[in-house]
Amino acid sequence: MKKAMRMLLVNFAVFAFAISSLLLTGCGNDSKKDSDSKKETDKQENVSLSDKDFKIETDQFTHDDSCYYLMTLQNNAKVPVDVSVVTKAYDASGNELNDATDLQYAVGVGQSIALTFLFDDAEKIDSFKYELDYRESIMEPCVSDLDFKASLKDGKVVVNATNNTDYDCEFVQAVVLFYKGGKPVYTNSGYIGDSDNLLKAGATEEAQISCYEEFDAYNIFYNGRKHTEEK
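Residues numbered from 1 in each chain as written. Predicted model: local features only at pLDDT ≥ 70, side-chain atom pairs only at ≥ 80, totals over all residues. Heavy atoms only, no water.

Draft legend 1. How the structure looks around the overall build of the chain. The helix and strand inventory of the chain stands at 0 helices and 15 strands. Scored against the burial criterion, the 231 residues of the chain give a buried share of 48%. Accessible surface computed for the chain: about 11900 Å², of which carbon and sulfur atoms make up 43%. (Helix = DSSP H or I, 4+ residues; strand = E, 2+ residues; numbered from the N terminus. Buried < 20%, exposed > 50% of the residue type's maximum accessible area, 1.4 Å probe, protein only. Areas by Shrake-Rupley, 256 points an atom, 1.4 Å probe, with all protein chains shown as cover.)

Have a look at this one:
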């Protein structure tokens, strides 16, 4: 089974970020031990963003010998944002084992997204710590302007997206979290577009997203942005 998760890496060093860290228990530990350390800075001169602008929930599950760390984030700021998260896994002695990165661009006002992080050697993991970076996006969101429909077919989540606008969208993505008995058991994602990752004006595209565990519920998080022609 393919265990590699999509990790898009972008250099955010040219921007001024706020960093928020949260320590959470790992896959090998069922207790809940949290510690927060937060730093807040202005992202741009005309817009001030802080950790309070985001509602964050985290969860985790094991699959085979791997641990998946999940984060859902709602943007309650007054502007679209780009979000990047680095998550680090630690053993019981506080030694860093590994890190993973995920990011999303052009998260609209009020929009919720899902970020996922994959770690090997689940039995060694005792806790997690994440660093949250964000800035006002220079790209325009498009998810709220699209029409999404989802259904189950042959054990897969089939997502159809229709673009009824007069502009093209790019990198429209569906991230699916699968649950069994109220607990996460798997996650997978897919892009909804043509071979150029475009969902063109007036078009309908489909993505089929598989789950390799039994599940009785699922939740879908969408993201995407307006296409900008290269000059």
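From this point, the discussion proceeds with the structure in view.
Draft legend 2. Representation of the packing of aromatic side chains. Summed over all chains, the structure comprises 10 aromatic pairs. Look at Phe 54 and Tyr 134: their rings are 4.7 Å apart centre to centre, the planes differ by 50°, and that puts the pair in the tilted class. Within this pair, whereas Phe 54 is found in strand β3 (residues 54–63), its partner Tyr 134 is found in strand β8 (residues 127–136), the two being separated by 80 residues in sequence. Accessibility classification places Phe 54 together with Tyr 134 in one group, the buried group. Look at Phe 148 and Tyr 222: their rings are 3.8 Å apart centre to centre, the planes differ by 15°, and that puts the pair in the stacked class. (Phe/Tyr/Trp six-rings, centres within 6.5 Å; stacked < 30°, edge-to-face > 60°.)

Draft legend 3. Up close: empty space enclosed by the protein. Inspection of every chain in the model, using the stated rule, returns 1 cavity of 30 Å³ or more. Surrounding the largest cavity, Gln 104, Ile 113, Ala 114, Gln 173, Ala 174, Val 175, Phe 221, Tyr 222 and Asn 223 form its lining. For the lining of the largest cavity, a count of residues per class yields 6 nonpolar, 3 polar and no charged. (1 Å grid on protein atoms, 1.4 Å probe; cavity = no way out; pocket = protein on both sides within 12 Å on 5 of 7 lines; lining within 4 Å. Points joined across faces, edges and corners; volume = space filled by probe spheres on them. Nonpolar A, V, L, I, M, F, W, Y, C, P; charged D, E, K, R; others polar.)

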